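Notes for the structure review
Below, each chain spelled out in residue letters.
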2 protein chains.
Amino acid sequence: MTANDVFSADLPLIEERLKYFFSENNGRFSSAGNAAAYSLLSGGKRIRPVLLLEFYKLCGGKGTGAADFAAAIEMVHTYSLVHDDLPCMDNDDMRRGKPSCHKAFGEDIALLAGDALLTRAFEAAALTEGAASEAVLRAIAVLAEKAGISGMIKGQVMDLMLEKSPAGGGEIKDMYLNKTSCLLEAAAMCGCILAGADSRCVSRAERYAAMLGLAFQIIDDILDCTSDEKILGKPIGSDRKNGKTTYVSLYGLEKARAEAERLSLKAEKILCEFEGDVSALRALTEYLLDRKY
Amino acid sequence: MTANDVFSADLPLIEERLKYFFSENNGRFSSAGNAAAYSLLSGGKRIRPVLLLEFYKLCGGKGTGAADFAAAIEMVHTYSLVHDDLPCMDNDDMRRGKPSCHKAFGEDIALLAGDALLTRAFEAAALTEGAASEAVLRAIAVLAEKAGISGMIKGQVMDLMLEKSPAGGGEIKDMYLNKTSCLLEAAAMCGCILAGADSRCVSRAERYAAMLGLAFQIIDDILDCTSDEKILGKPIGSDRKNGKTTYVSLYGLEKARAEAERLSLKAEKILCEFEGDVSALRALTEYLLDRKY
């Protein structure tokens, strides 16, 4: 199985659910909804919802039952990008080859669009049909915890603070684990939980996604130095411009690449602990290591 | 029963749950959590959680079972204030007699504090113990819908847009119904839903809170012209300064006051449709009409 097969299987459902929850319209006061749709439907890789669906299937989940929760996790990811791009945060003008949300709609509407995405995410999650109510509630609590003040948001705070003072490798790793791994962990864990998996599976999924997230973020660091603006969809060298310490600035390109490979292999090793067919998740892991954008 | 009795009965539990979910600490990267705690624990009236608890009790809910959901709705309210005060929105420097969140912690941390409050709200809601899981999920969906793009956030968009162009009474009323009533509706409805009430009760609670919210917002308009900065905790006359159309600017103080009274009486009349003891909710309704801040 290739990563292309995985995306071909999962993406149509994910895109359909995202469009269901956010579509553009002509109402006079629909600017925040349109801004949310603009950012949500602009062709992200959809790693998090695919991860959720694949862990759901791996643990015995049936059919499209986790689709709304998968859409929810992509909304949480998109809200974090919209708010992160704002002038008071990273002040990024471009995202996925288009003007970032506040450049296209203004700061006030972009702020509200992010809020709307986060709010709608929990509505979509609560509407999940293919799982027991207790499992959906547990998954909502996990998503909120991993996205919140002791997870992704803590990572954002670390990012802001470490930009202002020189940071060491341990701090950068800890920041990546919060900023990037946490939401991937939520995706993997919620897939298992919704399928009714036991706590050992959920904790395996969490460990897998922690490694995957670290590798993912290091590859992001590398692409920020080596990619092409047209392929990446945003300016190259923004980390250096912003004075950010990254794995590349700390260890150099070669060692950073080797570390990403090591972490990716660790993630694959954890996959072997599962009993079912992990070929889709293995293909996804390798694809993320070799991606060009 | 007086409003004081109601607050005395409900506030200790609400404050205890809010402190449980957000407490200040000394961690190096805890600034967003501390900023959230600063705004959340700075003495709001707690109308929404009290409303939720009272409807929960009215519909037969037992003990402290809805406490976490009540805390959740206050977190949603507080996040909306924190983001609404930001420079790209209303740009307000004072809130509840203290510097607003971004004045105390900076714009970036205030943005993340609002995000953290909204995220943690759904975590708290999902942890609700005193109700069936199906009911908790339904309540989460209602809360998200009323707080989202077709509710409170739509009201914020209307507020921004109507500030830039002269607005009529119908538009202002519609804006108030979204901006202020929607979250009160969520509080009242979720109280009923968590107690296992039938859909007729839930819809009655919704109609009650729609009227209460309109009256509440008109009283806010009046207080913005007539109150004392020290009592109100924020500058007087900010609506006029911001060029906002309000019930007072449209109809004058006297007619605005009469309309608030009419709406408050309508709300009380809807309470009479319930079978149980509505004296607490009646006292609360009258207190909100006569409040000085």
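Residues numbered from 1 in each chain as written. Chains lettered and ligands numbered in written order. Predicted model: local features only at pLDDT ≥ 70, side-chain atom pairs only at ≥ 80, totals over all residues. Heavy atoms only, no water.

**Notes on the overall build of chain A**
- The secondary structure content of chain A amounts to 15 helices and two strands.
- In summary, chain A has a C-alpha radius of gyration of 18 Å against a globular reference of 19 Å for 293 residues, a match within 12%.
- Viewed in the frame of its principal axes, chain A has a C-alpha envelope of about 50 × 45 × 35 Å.
- Entry remark: accessible area of chain A is about 11300 Å², with carbon and sulfur atoms responsible for 50%.
- The average position of the 35 basic charges and that of the 42 acidic charges among the side chains of chain A differ by 2 Å. (Helix = DSSP H or I, 4+ residues; strand = E, 2+ residues; numbered from the N terminus. Rg over C-alpha atoms; globule rule 2.2 N^0.38 Å. Areas by Shrake-Rupley, 256 points an atom, 1.4 Å probe, with all protein chains shown as cover. Lys, Arg positive; Asp, Glu negative; His and termini not counted. Charge placed at Lys NZ, Arg CZ, Asp CG, Glu CD.)

**As for the packing of helix α3 (residues 47-58) of chain A against helix α9 (residues 169-194) of chain A**
Residues and elements named next belong to chain A.
- Interaxial distance between α3 and α9 falls to 7 Å at its minimum, and their mutual angle equals 30°. The angle between the axes of α3 and α9 places the two elements in the roughly parallel class. The chirality of how α3 crosses α9 is right-handed. On α9, the residues that touch Ile47, Arg48, Leu51, Leu52, Phe55 and Tyr56 of α3 are Leu183, Leu184, Ala187, Ala188, Cys190, Gly191, Cys192 and Leu194. (Axes fitted to C-alpha atoms, helices over the stretch in contact; angles between N-to-C directions. Parallel < 35°, antiparallel > 145°, perpendicular 65-115°, else oblique. Left-handed = near helix turned anticlockwise from the far one by under 90°. Contact = heavy atoms within 4.5 Å.)

**Some points on the environment of A:Gly63**
Residue and element names in this part refer to chain A.
- When you line up the elements, Gly63 lands in the loop between α3 and α4 (67-84).
- In this structure Gly63 comes out as exposed when scored by relative accessible area, which is 63%.
- When the C-alpha atoms of Gly63 and Gly130 are compared, they prove to be 8.1 Å apart, with 67 residues separating the residues in sequence. (Buried < 20%, exposed > 50% of the residue type's maximum accessible area, 1.4 Å probe, protein only.)

**Here's the deal with the relation of the copies chain B and chain A**
- Mapping chain B onto chain A leaves a residual RMSD of 0.0 Å; the transformation is a rotation of 180° accompanied by 0.0 Å of translation along its axis. One copy is carried onto the other by what is essentially a two-fold rotation axis. It is B:Ser133 whose C-alpha, among those of chain B, lies nearest the rotation axis, at 2.8 Å. (Least-squares fit on C-alpha atoms with pLDDT ≥ 70 in both.)

**A word on the interface of chain B and chain A**
- Contact with chain B, which involves 45 residues of that partner, is made by 45 residues of chain A.
- Regarding the contact of chain B and chain A, the summed buried area is about 4100 Å², with carbon and sulfur atoms giving 74% of it.
- Of all residues in chain B, the largest losses of buried area upon contact with chain A belong to B:Phe29, B:Thr119 and B:Leu137, amounting jointly to 17% of the total for that side.
- For the pair chain B and chain A, the interface holds two salt bridges.
- Ionic pairing is found between A:Arg28 and B:Glu171, a salt bridge with its closest N-O pair at 2.5 Å.
- Summed over the shared surface of chain B and chain A, the number is six residue pairs in polar contact (both at pLDDT 80 or more).
- Only α2 (31-40), α4 (67-85), α6 (107-126), α7 (133-147) and α8 (152-164) of chain B provide two or more residues apiece to the side of chain B that touches chain A.
- Split into classes, the residues belonging to the side of chain B that touches chain A amount to 27 nonpolar, eight polar and 10 charged. (Buried area = accessible area lost by both parts, 1.4 Å probe. Salt bridge = Lys/Arg side-chain N within 4 Å of Asp/Glu carboxyl O. Polar contact = N/O pair within 3.5 Å; in protein donor to acceptor, adjacent residues only side chain to side chain. Nonpolar A, V, L, I, M, F, W, Y, C, P; charged D, E, K, R; others polar.)

**Considering the pattern of salt bridges**
Residue and element names in this part refer to chain A.
- A complete count under the given rule lists 42 salt bridges over all chains for this structure.
- Lys57 serves as the salt-bridge partner of Asp10, at 2.8 Å between the closest nitrogen and oxygen. Residue Asp10 is found in helix α1 (residues 3-21), and its partner Lys57 is found in helix α3; the two are separated by 47 residues along the sequence.
- What makes Lys57 partly exposed here is its relative accessible area of 39%.
- Through salt bridges with shared partners, a single ionic network connects Asp90, Asp159, Lys179 and Lys244.

**A few points about the state of the cysteines**
- Within this structure, the stated rule accounts for zero disulfides over all chains.
- Just so you know, A:Cys201 is unpaired, no disulfide at all, and the nearest cysteine sulfur is the one on A:Cys59, 4.8 Å from it.
- Free cysteine: B:Cys88, not disulfide-bonded; nearest cysteine sulfur from A:Cys88 at 7.3 Å. (Disulfide = S-S within 2.5 Å.)

**Here we look at the nonpolar core**
- The biggest cluster of nonpolar side chains holds 225 residues, and the ones touching the most others in it are A:Phe55 and B:Phe55.
- Leaving out residues up to four positions away in the same chain, A:Phe55 has contacts with A:Ala188, A:Gly191, A:Cys192, A:Ala205, A:Tyr208, A:Leu271, A:Phe274 and A:Leu281. (Core = buried A, V, L, I, M, F, W, Y, C linked by side-chain atoms within 4.5 Å.)

**Quick look at α4(B)**
- Look at α4(B): 27 Å from first C-alpha to last across 19 residues, which is about the 27 Å you get at 1.5 Å a residue.
- α4(B) sits mainly inside the fold: 19 of its 19 residues count as buried. (Expected span 1.5 Å × (residues − 1).)

**Quick notes on α2(B)**
- With 10 of 10 residues buried, α2(B) lies mostly within the body of the structure.
- Along α2(B), the residues classified as buried are B:Ser31, B:Ala32, B:Gly33, B:Asn34, B:Ala35, B:Ala36, B:Ala37, B:Tyr38, B:Ser39 and B:Leu40.

**Some words on the side chain of B:Asp108**
- Structurally, the position occupied by B:Asp108 is in helix α6.
- No salt bridge is formed by the buried B:Asp108; its nearest oppositely charged neighbour, A:Lys164, is found at 4.0 Å.
- In contact with B:Asp108, not counting residues within four places along its chain, are A:Cys88, A:Met89, A:Leu160 and A:Lys164.

**Overview of the environment of B:Arg282**
All names here are of chain B.
- Of note, Arg282 is situated in helix α15 (residues 279-290).
- Residues Arg282 and His77, 205 residues apart in the sequence, show an inter-C-alpha distance of 22 Å.
- Not counting the four nearest positions on each side in its chain, Arg282 is found in contact with Glu268, Leu271 and Cys272.

**Focus: the packing of helix α7 (residues 133-147) of chain A against α6(B)**
- Taken N-terminus to C-terminus, the directions of α7(A) and α6(B) make an angle of 150°; their axes are 8 Å apart at the nearest point. Classified by the interaxial angle, the pair formed by α7(A) and α6(B) is roughly antiparallel. As for the relative orientation of α7(A) and α6(B), their crossing is left-handed in sense. Contacts between α7(A) and α6(B) involve A:Leu137, A:Ile140, A:Ala141, A:Ala144, A:Glu145 and A:Ala147 on the former and, on the latter, B:Thr119, B:Phe122, B:Glu123 and B:Ala126.
- Partitioning the contact of α7(A) with α6(B) into residue classes produces seven nonpolar, one polar and two charged.

**Looking at the side chain of B:Asp239**
Residues and elements named next belong to chain B.
- Relative to the elements of secondary structure, Asp239 occurs in helix α12 (residues 238-241).
- Buried and without a salt bridge, Asp239 has Lys244 as its closest oppositely charged side chain, separated by 5.0 Å.
- Not counting residues within four places of it along the chain, the set of residues in contact with Asp239 comprises Asp221, Asp224, Lys244 and Thr246.

**Comments concerning the packing of aromatic side chains**
All names here are of chain B.
- Applying the stated criterion across every chain, the model contains 15 aromatic pairs over all chains.
- Pairing Tyr247 with Tyr251 gives two aromatic rings, centres 5.3 Å apart and planes at 70°, and the pair type is edge-to-face. Remark: Tyr251 and Tyr247 occur in helix α13 (residues 247-251); sequence separation between them is four residues, near one turn of the helix.
- Given a relative accessible area of 5%, Tyr247 falls into the buried group.
- By relative accessible area, Tyr251 is classed as partly exposed at 40%. (Phe/Tyr/Trp six-rings, centres within 6.5 Å; stacked < 30°, edge-to-face > 60°.)

**Topic: unusual backbone geometry**
- For A:Arg96, which is not a glycine, the phi torsion comes out positive at approximately 50°.
- Considering the arrangement of structural elements, one finds A:Arg96 in the loop between β1 (94-95) and β2 (98-99).
- Accessibility expressed as a relative area gives 23% for A:Arg96, which makes it partly exposed.
- A positive phi angle, close to 65°, is found at B:Arg46, a residue other than glycine.
- Classification of B:Arg46 as buried rests on a relative accessible area of 1%.

The values reported here are purely geometric and, on their own, carry no functional implication.
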